[in-house]
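Single-letter residue listing:
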Amino acid sequence: MALYLDDQSMQFPARNNDVYLVDMERVEVLEGPQGTLFGGGGSGRCIRYITNKPKLGVTEGIVNGGYGITAGGDDNNNVNAVLNLPFGDNFALRGVIFTDHHGGYISNVFGHDLPCPACHP
């Protein structure tokens with residue numbers, strides 16, 4: 001299966017491609033074979049992530065945030081922001097920034113053994 005971000009291939013050996021979908025126009029799932037358009041990696045099918053393009057003549061910003069609590073664990077939070085800035089009539093810049101933290105809920109402390117339910121009923 002071929003993975004593309006806009007027109008750039010995301011085929012990296014031994015890598016997990018984890019795309020954070022913040023500022024996407026659309027996600028295309030193309031059934032295969034797609035080898036003619038996308039090369040040998042697209043012989044099965046292809047997934048394309050299409051990002052939003054900069055907008056001419058429009059200044060805009062978007063901020064989203066979230067917070068959550070995991071019982072017995074750490075807090076969860078996420079923040080993302082998008083900024084579109086036009087410069088004249090022929091150039092615009094669009095930027096995205098994000099952070100995402102998932103708090104854990106398992107105490108994995110080095111040097112502490114968990115009691116065995118079979119040994120200590």
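Everything below is about the structure shown above.
What you see is a predicted model; the values in this text were computed from it and never measured.

Novice: Where do I start with the overall build of the chain in this structure?
Specialist: Counting its secondary structure elements, the chain contains 1 helix and 7 strands. Shown N-terminal to C-terminal, the secondary structure of the chain runs as helices and strands in the order β-β-β-α-β-β-β-β. Counting all 121 residues of the chain, 19% fall into the buried class. Contacts in the chain between residues far apart in sequence, at least 24 positions, make up 49% of those at least 6 positions apart. For the chain, the computed accessible surface area is about 9,300 Å², with 56% contributed by carbon and sulfur atoms.

Novice: What is the right way to look at the side chain of Arg94 in this model?
Specialist: Among the structural elements, Arg94 can be located in strand S7 (residues 91–101). Side-chain polar atoms of Arg94 contact the side chain of Glu60, separated by 3.2 Å. Reaching out from Arg94, the side chain makes a polar contact with the side chain of Asn84 at a distance of 3.2 Å.

Novice: How should the packing of aromatic side chains be read in this particular structure?
Specialist: Under the definition given, this model contains 2 aromatic pairs. Between Tyr20 and Phe98 the ring centres are 4.3 Å apart and the planes differ by 10°, which places this aromatic pair in the stacked class. Note that Tyr20 is positioned in the loop between strand S2 (8–9) and strand S3 (24–31) and Phe98 in strand S7, a separation of 78 residues in sequence. Residue class for Phe98 comes out partly exposed when judged on its relative accessible area of 45%. Ring geometry for Phe87 and Phe91: centres 6.0 Å apart, planes at 35°, overall tilted.

Novice: Honestly, a nonpolar patch on the surface in this entry has me stumped. Any pointers?
Specialist: Residues Leu83, Leu85, Phe87, Phe91 and Leu93 make up a contiguous nonpolar surface patch of about 460 Å² in total accessible area. Listed by contribution, the elements that provide at least two residues to the nonpolar patch are strand S6 (75–87) and S7. The element best represented in the nonpolar patch is S6, accounting for 3 residues.

Novice: Please explain the environment of Pro54 as it appears in this structure.
Specialist: One can find Pro54 in the loop between strand S4 (45–51) and strand S5 (60–69). What makes Pro54 partly exposed here is its relative accessible area of 39%. In this structure Pro54 touches Asn84, Ala92, Leu93 and Arg94, once residues within four positions along its chain are discounted.

Novice: How should I be thinking about the sheet that holds strand S1 (residues 2–5) in this particular structure?
Specialist: Paired through backbone hydrogen bonds, the strands of a sheet run either parallel or antiparallel to each other. Spatially, S2-S1-S4-S3 is the arrangement adopted by the 4 strands of the open sheet, whose pairing is mixed. In this open sheet, the two strands that pair with only one neighbour each are S2 and S3. Pairing geometry for S3 and S4, over 7 bridges, is antiparallel. Across the sheet, residue Val27 finds its bridge partner in S4, namely Tyr49.

Cut-offs and rules
- Residues numbered from 1 in each chain as written.
- Predicted model: local features only at pLDDT ≥ 70, side-chain atom pairs only at ≥ 80, totals over all residues.
- Heavy atoms only, no water.
- Helix = DSSP H or I, 4+ residues; strand = E, 2+ residues; numbered from the N terminus.
- Buried < 20%, exposed > 50% of the residue type's maximum accessible area, 1.4 Å probe, protein only.
- Contact = heavy atoms within 4.5 Å.
- Areas by Shrake-Rupley, 256 points an atom, 1.4 Å probe, with all protein chains shown as cover.
- Polar contact = N/O pair within 3.5 Å; in protein donor to acceptor, adjacent residues only side chain to side chain.
- Phe/Tyr/Trp six-rings, centres within 6.5 Å; stacked < 30°, edge-to-face > 60°.
- Patch = residues over 30% accessible without salt bridge, like charges linked within 9 Å, V, L, I, M, F, W, Y side chains within 5 Å.
- Salt bridge = Lys/Arg side-chain N within 4 Å of Asp/Glu carboxyl O.
- Pairing = 2+ DSSP bridges.

The quantities given are spatial measurements derived from coordinates; they are silent on function.
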